[in-house]
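Listed below, chain by chain, are the residues.
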Amino acid sequence: MSEKQKILFSDLDATLLNDRKEIEKDTRAAIDRMLAQGHIFVSCTGRPFASVLNAARQSGLDQKGCYIVSYNGGAIYDPSCDQMISYASIPLPAVQRMFAEAQKAGLYIHTYDKIRNDMVLSWQDGPQLQAYIGHTKLQYQTGKDVLEKLEHPPAKMIVISLDSHERLRQFQEENAGWAEAYLNSFFSCEQYLEYCPAGISKGAAVQRLCDYLNIPVEDAVAAGDERNDISMIRSAGVGAAPRNAHPAVKECADYVCVRDHNEGAVGEIIRKFILKE
């Protein structure tokens, strides 16, 4: 192992994964080298826990030295010993109110059932739900009584509009007054307005996992492409963005890659800041 142990927090979609939802081969080789040298790799994503755990298992990122941050920082997990390090949830009254506000605004919303393997729960079916399920491969249930079946407060809600970012922005603004006491909100893409528990973010997860592993946060590297990645890019010692990143992400990054997510941007980051090749 090199002199200092490093930890890499990497977003998945459009950062680590290419458009085929695969890890580019040179990046895969770079991850294997950093793990062999004793460094830490963290899949850090807004995806629900069940979805990212499945992706980690398929790509071999569930071995010793790998960790998972899901729900935009809401859950931190060690897959090598099946240990949930932390799990934050939203109070059920806040979930119920946000569902009612979304219905009033004519917007689609869903949340998750932790007890039933992160099953997606929504009041309605439609193109928004089907697009999301196609991406995450999770099971789902719809109906006006879905919230009544929740046995555990959920870790996240998403309001989705496939055709109007402006409607989501207005919804976020109109609900900020009451929601900020309970929720942290941000955009993970133009179509997704995400709500997590107050104080939860990818940046907070960087600090928490570094403290847990006794690794100085200045020895952390973070890579992400979207606005929900900004907090971790700012929190880490080095924040990096692939060439395809949102302009707001590039603006706050310490390093913008020559490569995009299809060309192995994360491999470029590993070689430059962790392996020092």
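A.B. asks: Give me the overall build of the chain: which residues, what numbers.
C.D. replies: A tally of regular secondary structure across the chain gives nine helices and 14 strands. Over its C-alpha atoms, taken along the principal directions, the chain stretches across nearly 55 × 40 × 35 Å. By the burial criterion, 58% of the 277 residues in the chain qualify as buried. Sequence separation of 24 or more characterises 58% of the internal contacts of the chain that already satisfy a separation of 6 or more. When the accessible surface of the chain is summed, it comes to about 11,700 Å², and 46% of that surface belongs to carbon and sulfur atoms. For the chain, the centre of its 30 positive side-chain charges and the centre of its 37 negative side-chain charges are spaced 2 Å apart.

A.B. asks: Provide a residue-level description of the packing of helix α3 (residues 92-105) against helix α5 (residues 165-179), including the pertinent values.
C.D. replies: Interhelical geometry of α3 versus α5 gives an angle of 140 degrees and a closest axis separation of 11 Å. Taken as axis vectors, α3 and α5 run oblique relative to one another. Relative to α5, the crossing made by α3 is right-handed. Here Ala-94, Arg-97, Met-98, Glu-101, Ala-102 and Ala-105 of α3 come into contact with α5, specifically with Arg-167, Phe-171, Asn-175, Trp-178 and Ala-179.

A.B. asks: Which residues make up the sheet that holds strand β3 (residues 66-70), and what values do they have?
C.D. replies: The strand order across the open sheet built from eight strands is β5-β4-β3-β2-β1-β12-β13-β14, with neighbouring strands paired in mixed fashion. The sheet is open, and its two edges are formed by β5 (83-87) and β14 (255-256), each paired on a single side. Here two bridges tie strand β13 (residues 238-241) to β14, and the two strands are oriented parallel to one another. When the bridges of β14 are listed, Ala-240 appears paired with Tyr-255. Strand contacts of helix α2 (residues 49-59): β2 (40-44), β3, β4 (75-78) and β5, with the helix running at about 155 degrees to β3, the strand carrying the most contacts.

A.B. asks: So what about helix α9 (residues 265-273)? Which residues, and what values?
C.D. replies: Buried residues dominate α9, accounting for seven of its nine residues. Along α9, the positions that sit buried rather than exposed are Ala-265, Val-266, Gly-267, Glu-268, Ile-269, Ile-270 and Phe-273. Among the structural elements, β1 (7-10), α1 (25-36), β12 (220-223), β13 and β14 are those in contact with the buried residues of α9.

A.B. asks: Can you explain the pairing of strand β7 (residues 119-122)? Please cite residues and give values.
C.D. replies: The side-chain alternation of β7 yields two buried faces, one formed by Met-119 and Leu-121 and the other by Val-120 and Ser-122. Bridge count between strand β6 (residues 108-113) and β7: four bridges; the pairing is antiparallel. If you follow Thr-111 over to β7, its bridge partner there is Leu-121. In terms of handedness, the path from β7 via helix α4 (residues 127-136) over to strand β8 (residues 140-142) forms a crossover that is right-handed.

A.B. asks: How would you summarise the environment of Ile-133 if you had to cite specific residues and measurements?
C.D. replies: Relative to the assigned elements, Ile-133 resides in helix α4. Overall, the relative accessible area of 11% leaves Ile-133 in the buried class. Residues in contact with Ile-133, not counting those within four places in the same chain, are Val-120, Leu-138, Gln-139 and Tyr-140.

A.B. asks: An account of the packing of aromatic side chains is needed here, citing residue identities and associated values.
C.D. replies: Given two aromatic rings, one states the distance between the centres and the angle between the planes to describe the pair. Evaluation of the coordinates by the stated rule reveals eight aromatic pairs. Ring geometry for Tyr-71 against Tyr-87: centres 6.3 Å apart, planes inclined by 85 degrees, an arrangement best described as edge-to-face. Of the two residues, Tyr-71 sits in the loop between β3 and β4 while Tyr-87 sits in strand β5, which places them 16 residues apart along the sequence. Ring plane angle 55 degrees and centroid distance 5.9 Å describe the contact between Tyr-132 and Tyr-192, whose orientation is recorded as tilted. On the criterion of sequence distance, the pair formed by Tyr-132 in helix α4 and Tyr-192 in strand β11 (residues 192-197) is long-range, its members being 60 residues apart. On the basis of relative accessibility, which here comes to 3%, the residue Tyr-132 falls in the buried class. Judged by relative accessible area, Tyr-192 falls into the buried class, the value being 15%. Among the aromatic side chains, those forming a connected cluster through ring pairs are Tyr-71, Tyr-87, Tyr-112, Tyr-132 and Tyr-192.

Cut-offs and rules
Along each chain, numbering runs from 1 in the same order as the chain's sequence is written. This being a predicted model, a pLDDT of at least 70 is required before a residue's local features are given, and a value of 80 or more before pairs of side-chain atoms are given or counted; all residues contribute to the totals for chains, interfaces and linings. Excluded from the side-chain calculations are hydrogens and water; all other atoms, namely the structure's heavy atoms, are used. In this description a helix means any DSSP run of H or I spanning at least four residues, a strand means any run of E spanning at least two, and both kinds are numbered starting from the N terminus. Each residue is placed in one exposure class: buried if its accessible area under a 1.4 Å probe, protein chains only, is under 20% of its type's maximum, exposed if it is over 50%, and partly exposed if it falls in between. Residues are treated as being in contact if the distance between any of their heavy atoms lies within 4.5 Å. Note on areas: these come from Shrake-Rupley sampling with a 1.4 Å probe, and a residue is covered only by the protein chains present in the view. In summary, the charge assignment counts Lys and Arg as positive and Asp and Glu as negative, without counting His or the chain termini. Think of each charge as sitting on NZ of Lys, CZ of Arg, CG of Asp or CD of Glu. Working convention: axes come from line fits to C-alpha atoms, limited for helices to the stretch in contact. Angles between N-to-C directions cover 0 to 180 degrees. Here the word oblique covers every angle except those under 35 degrees (roughly parallel), over 145 (roughly antiparallel) and from 65 to 115 (roughly perpendicular). Take the far helix as your reference; a near helix turned counterclockwise from it by less than a right angle gives a left-handed crossing, and one turned clockwise gives a right-handed crossing. Pairing between two strands requires that DSSP report at least two bridges joining them. When the strands point away from the viewer and the path from the first strand over the helix to the second turns clockwise, the crossover is right-handed. Geometry of aromatic contacts follows a simple scheme: Phe, Tyr and Trp rings, the Trp one being its six-membered ring, pair when their centres are within 6.5 Å, and the pair is stacked under 30 degrees between planes, edge-to-face over 60, tilted otherwise.

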